[in-house]
Amino acid sequence: AMAVYPPIPEPIAKKVKYAVIGGSGVTVAGEERFSLETSLGKLINISFLDDAKNVVFVNRHLCTKAGDDGQATYAPPHEVDFHLIILGLKTLNVKGIVAIGSTGTLQPEKAPVG
C-alpha cells in the first residue's frame, strides 16, 4: 500500500526554499502531500505553494499528529509539536519562514474560531 504521505524526494528536500506555517484559519489546496522523517518524529501533510516547489506549506495543527489510518488529525494548540515543525523545515533547507497565527477568542459565540 502506498504511504498516505510519501517522503519528499531528495532533490526537492535538498534545494533552498522558504516556508509558510499556517493555522486553523489557513488552508491550502495543494494536490501533492508529503512527509519527512526527522530525529523528533515524522512531519506529515507537507505541501508546496508553487509548482517549482520553492515554498513549503504546513498547517501547524495538521502536520505533527496522525490517526490510526495515517491521515493528519487536528492537534490543538497545546499539542502542536513546534520543535518537530522547525527541525523539519530546517532539514528541508528552508531559509525563511512566514508564520500566520491568531490568538483566538474568549467569546466564541461572538467570534467563532477554528
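Described in the following lines is the structure provided in the data block.

## Focus: the side chain of Asn45
Take Asn45: it is sitting in strand S3 (residues 41–48). Residue class for Asn45 comes out buried when judged on its relative accessible area of 11%. In this structure the side chain of Asn45 is engaged in a polar contact, spanning 3.1 Å, whose partner is the side chain of Arg33. In this structure, Asn45 is in contact with Tyr5, Arg33, Phe34, Phe57, Leu62 and Ala72, ignoring residues within four places of it in sequence.

## Let's talk about the environment of Pro7
Within the element layout of this structure, Pro7 appears in the segment before helix H1 (10–14). The spatial distance from the C-alpha of Pro7 to the C-alpha of Ala52 is 17 Å, given a sequence separation of 45 residues. Among residues more than four places away in sequence, those in contact with Pro7 are Phe34 and Ser35.

## Side note on the nonpolar core
Counting 20 residues, the largest nonpolar core has Ile8, Ile46, Val56, Val58, Ile85 and Leu89 as its most contacted members. Going through the elements one at a time, H1, strand S1 (17–22), strand S2 (34–38), S3, strand S4 (55–59) and helix H2 (82–91) are the ones with two or more residues in this core. In this view, Ile46 contacts Ile8, Glu32, Arg33, Phe34, Ser35, Leu36, Val56, Phe57 and Val58; residues no more than four positions away in its chain are not counted.

## Comments concerning H2
Buried within H2 we find Leu84, Ile85, Gly88 and Leu89. For H2, the arc enclosing every buried residue in end-on projection is 130°, short of the 170-degree limit, so these residues lie on one face. The exposed residues of H2 that point more than 90 degrees off its buried face are His83 and Lys90. Packed against the buried residues of H2 are S1, S2, S3, S4 and strand S5 (94–99).

Reading the values: rules and limits
- Residues numbered from 1 in each chain as written.
- Predicted model: local features only at pLDDT ≥ 70, side-chain atom pairs only at ≥ 80, totals over all residues.
- Heavy atoms only, no water.
- Helix = DSSP H or I, 4+ residues; strand = E, 2+ residues; numbered from the N terminus.
- Buried < 20%, exposed > 50% of the residue type's maximum accessible area, 1.4 Å probe, protein only.
- Polar contact = N/O pair within 3.5 Å; in protein donor to acceptor, adjacent residues only side chain to side chain.
- Contact = heavy atoms within 4.5 Å.
- Core = buried A, V, L, I, M, F, W, Y, C linked by side-chain atoms within 4.5 Å.
- Arc of directions from axis to C-beta.

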